[in-house]
Amino acid sequence: MRLLYFAWVKEKAGVAAEEIDPPAGVATIAELIDWLKARGPEFENAFARSEVICAAIDHAHVRHDAKIAGAREIAFFPPVTGG
Amino acid sequence: MRLLYFAWVKEKAGVAAEEIDPPAGVATIAELIDWLKARGPEFENAFARSEVICAAIDHAHVRHDAKIAGAREIAFFPPVTGG
Amino acid sequence: MIRVQQADFDIGAEIAALKAGRSDIGAIVSFIGTVRDQHGAVEEMMLEHYPGMTEAELTRIEQEANARWPLQASLIVHRTGALLPGDNIVLVVTASEHRDAAFDAARFLMDYLKTSAPFWKREQGPGGARWVEADTKDGAAFSRWKKKHATE
Amino acid sequence: MIRVQQADFDIGAEIAALKAGRSDIGAIVSFIGTVRDQHGAVEEMMLEHYPGMTEAELTRIEQEANARWPLQASLIVHRTGALLPGDNIVLVVTASEHRDAAFDAARFLMDYLKTSAPFWKREQGPGGARWVEADTKDGAAFSRWKKKHATE
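Note that the structure is a prediction, hence the values are computed from the model and not measured.

Calculation notes
Residues numbered from 1 in each chain as written. Chains lettered and ligands numbered in written order. Predicted model: local features only at pLDDT ≥ 70, side-chain atom pairs only at ≥ 80, totals over all residues. Heavy atoms only, no water. Buried < 20%, exposed > 50% of the residue type's maximum accessible area, 1.4 Å probe, protein only. Helix = DSSP H or I, 4+ residues; strand = E, 2+ residues; numbered from the N terminus. Arc of directions from axis to C-beta. Contact = heavy atoms within 4.5 Å. Buried area = accessible area lost by both parts, 1.4 Å probe. Salt bridge = Lys/Arg side-chain N within 4 Å of Asp/Glu carboxyl O. Polar contact = N/O pair within 3.5 Å; in protein donor to acceptor, adjacent residues only side chain to side chain. pLDDT = per-residue confidence, 0-100. Axes fitted to C-alpha atoms, helices over the stretch in contact; angles between N-to-C directions. Parallel < 35°, antiparallel > 145°, perpendicular 65-115°, else oblique. Nonpolar A, V, L, I, M, F, W, Y, C, P; charged D, E, K, R; others polar.

Asks: Describe helix α2 (residues 29–37) of chain B, naming the residues involved and giving the relevant values.
Replies: Those residues of α2 of chain B that sit buried are I29, L32, I33, L36 and K37 of chain B. Considered in projection along α2 of chain B, the buried side chains sweep an arc of 135 degrees and stay on one side of the axis.

What follows is the structure, given as structure tokens:
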């Protein structure tokens, strides 16, 4: 699946987009965040305040308990500040 | 004092503006309306539903119990419908 | 600023003038009221007003809005005379740092204008001419600001 | 209609296009959000967004507004990229027969857009660059529509 990062999540993670293939045990957004944090200090830092990080699956907002099975594109970003 | 009439009050009264000099007993807007109604059928008709007629003294909305002493200009008109 | 005029207004030009040379504004709300044809029932609208009192009332209303909300600018333009369906009638613009004040003030200006500014509409259609009757909803809209003022 | 673009917008042209050829509209409310310099603290603003999701969210928000109010037309235009103090950021326009629906819908669109459309502002000033933090007031503004929906 494709991962996208925006705003300061992207800056801290040091990557804008990547393809990933998480292990079978990673079933939800929360578990995906934990798996990403274990990849290195940049991700540990980007997701340090994981409770404020927003997620979207295939362009729709989701909560951290959302299942990721079947997702084509998952995005992580801070609370939005447009308008 | 100067009297002005607007919209359907003007059309029914058949006059847009006039100078009047009401007798001393005419002290309020309500009494002025009664005095005007006694002047003829056009005024009787214009002020028939006197409770819906609005009044202004010197460009400020007033109630029918307002005193008219000292007024330079008094206007009568239907409820406003601008905007 | 308030203006009463027969001529049409240009919302783009009005907002540009209001913003000119300043970068402290964050939110601009505008309202345009236009003549509805009401499915063919209205062919022309005549707007009568009370010169002198109109300007006094619009100025009073604008001052009241500025006293209630932190506005950076405000504008009321109201047209008079003969108008056709689709024509502009009234423009209200409010500017503030934040959107809540701009939205509240614009709505307040329209609600107050509708119930207190001395304008009268006469509609001309296939069935003849008639003076528009005041909408009781406008009185209710006006009242909500009195309640709000008392409870906040 | 929704649009996401780097270019500025022209409110006069947008409203003219929306009104073109029709005389059933009675009320047009518009909102413009602009970049505030915050007393010199902001020299430039960069607006990042999530292409694809942005359009999906704005479309969803606009459909929700049209489901809640009898709108005759609606428009959301949001800019992206580098903006300067005083520049336009967002335009919302709603048209209805009567002003209450147009005012409510415009405010709803802004409240929803502020809390759900994937845009992020980074401000650049004399003290460096910083990502704008979400305003908790926007969450409260968003919630009032949920309550309203439930109780009305």
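Now that the structure has been shown, the text picks up again.
Asks: I'd love a proper account of the interface of chain D and chain C, names of residues and values included.
Replies: Each partner contributes residues to the interface: chain D has 37 residues there, and chain C has 37 residues. The largest per-residue losses of area from chain D upon contact with chain C belong to R99, F103 and R107 of chain D, which jointly make up 23% of the total buried on that side. Summed over the shared surface of chain D and chain C, the result is 12 salt bridges. Among the ionic pairs, D104 of chain C bridges to R107 of chain D, the shortest N-O distance being 2.8 Å. Across the chain D-chain C interface, the total number found is 25 residue pairs in polar contact (both at pLDDT 80 or more). For the side of chain D that touches chain C, the secondary structure elements donating two or more residues are α1 (11–19), β2 (27–34), α3 (99–116) and α4 (136–151) of chain D. Of the residues forming the side of chain D that touches chain C, the biggest block, 9 residues, is contributed by α3 of chain D.

Asks: Provide a residue-level description of the side chain of T81 of chain B, including the pertinent values.
Replies: One can find T81 of chain B in the segment after β5 (73–77). Assessed through its relative accessible area of 7%, T81 of chain B is described here as buried. Not counting chain neighbours up to four residues away, the residues in contact with T81 of chain B comprise F119, W120, K121, V132, E133 and A134 of chain C.

Asks: Break down the confidence of the model for chain C for me, with residues and values.
Replies: Model confidence for chain C is summarised by a mean pLDDT of 94, while 96% of its residues fall at 70 or above. Across the interfaces of the predicted complex, the ipTM metric reaches 0.94, alongside a pTM of 0.94.

Asks: Outline the packing of helix α3 (residues 99–116) of chain C against α3 of chain D, listing residues and values.
Replies: Put simply, α3 of chain C and α3 of chain D touch, their axes get as near as 12 Å, and they point 180 degrees apart. As judged from the angle between their axes, α3 of chain C and α3 of chain D are roughly antiparallel. The residues of α3 of chain D that touch α3 of chain C, namely those facing R99, D100, F103, D104, A106, R107, M110, D111 and K114 of chain C, are R99, D100, F103, D104, A106, R107, M110, D111 and K114 of chain D. Among the residues forming the contact of α3 of chain C with α3 of chain D, the class breakdown is 6 nonpolar, no polar and 12 charged.

Asks: So what's going on with the interface of chain C and chain B? Residues and values would help.
Replies: Taken residue by residue, the interface counts 26 residues in chain C and 19 residues in chain B. Taking both partners together, chain C and chain B bury about 1,800 Å²; carbon and sulfur atoms supply 60% of that area. Contact with chain B buries area across many residues of chain C, yet Y50, W120 and W131 of chain C alone supply 37% of it, more than any other trio. Applying the counting rule to chain C against chain B returns 2 salt bridges. Of the charged contacts in the structure, one is a salt bridge between E11 of chain B and R122 of chain C, with a shortest N-O distance of 3.6 Å. In this structure, the connection of chain C to chain B is made through 11 residue pairs in polar contact (both at pLDDT 80 or more). If you list the elements that add at least two residues to the side of chain C that touches chain B, you get β3 (44–49), α2 (53–68), β6 (88–96), α3 and β7 (119–125) of chain C.

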